Amino acid sequence: MDEIRYGVIGSGMMGIEHMLNVHLCEGARVVAIADPNEGSQGWARLTAKEKGFPLDVFADHRAMLERGGIDAVVVATPNHTHAAVLGAVFESGLHAMVEKPLCTTVEDAVRVAARADAH
């Protein structure tokens with residue numbers, strides 16, 4: 001694999017930060033983002049345009065995952081949604097990096113840890 005293609009789920013402040021950080025890594029690029037908020041989508045589009053890379057934009061992370069064309073994802077959604085979003089990511093078989101905190105409840109953390117072990 002010559003390049004790792006990332007999808008970023010959540011394009012608020014931390015999602016944009018991760019987009020910029022991936023852009024700095026040789027052999028890696030963000031090719032897609034998913035965020036239901038049109039304002040956040042706009043910030044992602046603007047960031048991609050300023051850095052000169054094409055970007056597919058999705059309102060739903062499941063649509064981005066189903067479309068394919070990515071090798072890994074960054075989850076940068078609101079903290080309380082991480083566990084739910086990771087369910088779809090685990091189903092996709094993709095590698096994932098999750099913005100902290102991983103989970104906001106012990107129950108979610110136990111469930112995510114078990115899914116990660118089986119991933």
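Heads up: the structure comes first, above all this text.
Residues numbered from 1 in each chain as written. Predicted model: local features only at pLDDT ≥ 70, side-chain atom pairs only at ≥ 80, totals over all residues. Heavy atoms only, no water.

1. A look at the pairing of strand β5 (residues 95–98)
Then, number 1: Pairing analysis gives 4 bridges linking strand β4 (residues 72–75) to β5, with the strands arranged parallel. What sits directly across from valine 75, in β5, is valine 98.
Then, number 2: Regarding the hand of the β-α-β motif, the stretch spanning β4, helix α4 (residues 82–92) and β5 is right-handed. (Pairing = 2+ DSSP bridges. Helix = DSSP H or I, 4+ residues; strand = E, 2+ residues; numbered from the N terminus. Right-handed = clockwise from strand over helix to strand, strands pointing away.)

2. As for the nonpolar core
Where a protein is soluble and globular, its nonpolar side chains tend to be buried together.
Then, number 1: Of all hydrophobic cores here, the largest spans 19 residues; its most connected members are Ile9, Met64, Leu65, Ile70, Val73, Val75 and Val89.
Then, number 2: At 6 residues, the largest contribution of residues to this core is made by α4.
Then, number 3: Look past the residues within four positions of isoleucine 70 in its chain and what remains in contact with it is Arg5, Tyr6, Gly7, Val31, Ala32, Met64, Leu65 and Leu94.
Then, number 4: If you look at the next biggest cluster of nonpolar residues, it comprises 14 residues, including Tyr6, Ala48, Leu55 and Ala72. (Core = buried A, V, L, I, M, F, W, Y, C linked by side-chain atoms within 4.5 Å. Buried < 20%, exposed > 50% of the residue type's maximum accessible area, 1.4 Å probe, protein only. Contact = heavy atoms within 4.5 Å.)

3. Some thoughts on the sheet that holds strand β1 (residues 4–9)
Then, number 1: An order of β3-β2-β1-β4-β5 is seen for the 5 strands of this open sheet, with the pairing classed as parallel. Each edge of the sheet is formed by a strand with only one pairing partner; in this case those strands are β3 (56–58) and β5. Averaged over all adjacent pairs, the angle separating strand axes in this sheet is 25°, with direction ignored.
Then, number 2: Across the face of the sheet, helix α1 (residues 13–24) comes into contact with β1, β2 (28–34), β4 and β5 while running at roughly 155° to β2. (Axes fitted to C-alpha atoms, helices over the stretch in contact; angles between N-to-C directions.)

4. A look at the packing of α1 against helix α2 (residues 38–51)
Then, number 1: One can describe the packing of α1 onto α2 by two numbers: an axis separation of 10 Å at closest approach and a directional angle of 20°. Taken together, the axis directions place α1 and α2 in an arrangement best described as roughly parallel. Between α1 and α2 the crossing geometry is right-handed. Together, Ile16, Met19, Leu20 and His23 of α1 and Trp43, Ala44, Thr47, Ala48 and Lys51 of α2 make up the contact between the two elements.
Then, number 2: Across the contact of α1 with α2, the residue classes tally to 6 nonpolar, 2 polar and 1 charged. (Parallel < 35°, antiparallel > 145°, perpendicular 65-115°, else oblique. Left-handed = near helix turned anticlockwise from the far one by under 90°. Nonpolar A, V, L, I, M, F, W, Y, C, P; charged D, E, K, R; others polar.)

5. Here's the deal with the pattern of salt bridges
Then, number 1: The full count for this structure, using the stated rule, is 6 salt bridges.
Then, number 2: Between arginine 29 and glutamate 3 there is a salt bridge, with its nearest N and O atoms 2.7 Å apart. One end of the pair, arginine 29, is in strand β2; the other, glutamate 3, is in the segment before β1, and 26 residues separate them in sequence.
Then, number 3: Residue class for arginine 29 comes out partly exposed when judged on its relative accessible area of 30%.
Then, number 4: Here arginine 5 ties to aspartate 71 by a salt bridge, and the two come within 3.0 Å at their closest N and O atoms. (Salt bridge = Lys/Arg side-chain N within 4 Å of Asp/Glu carboxyl O.)

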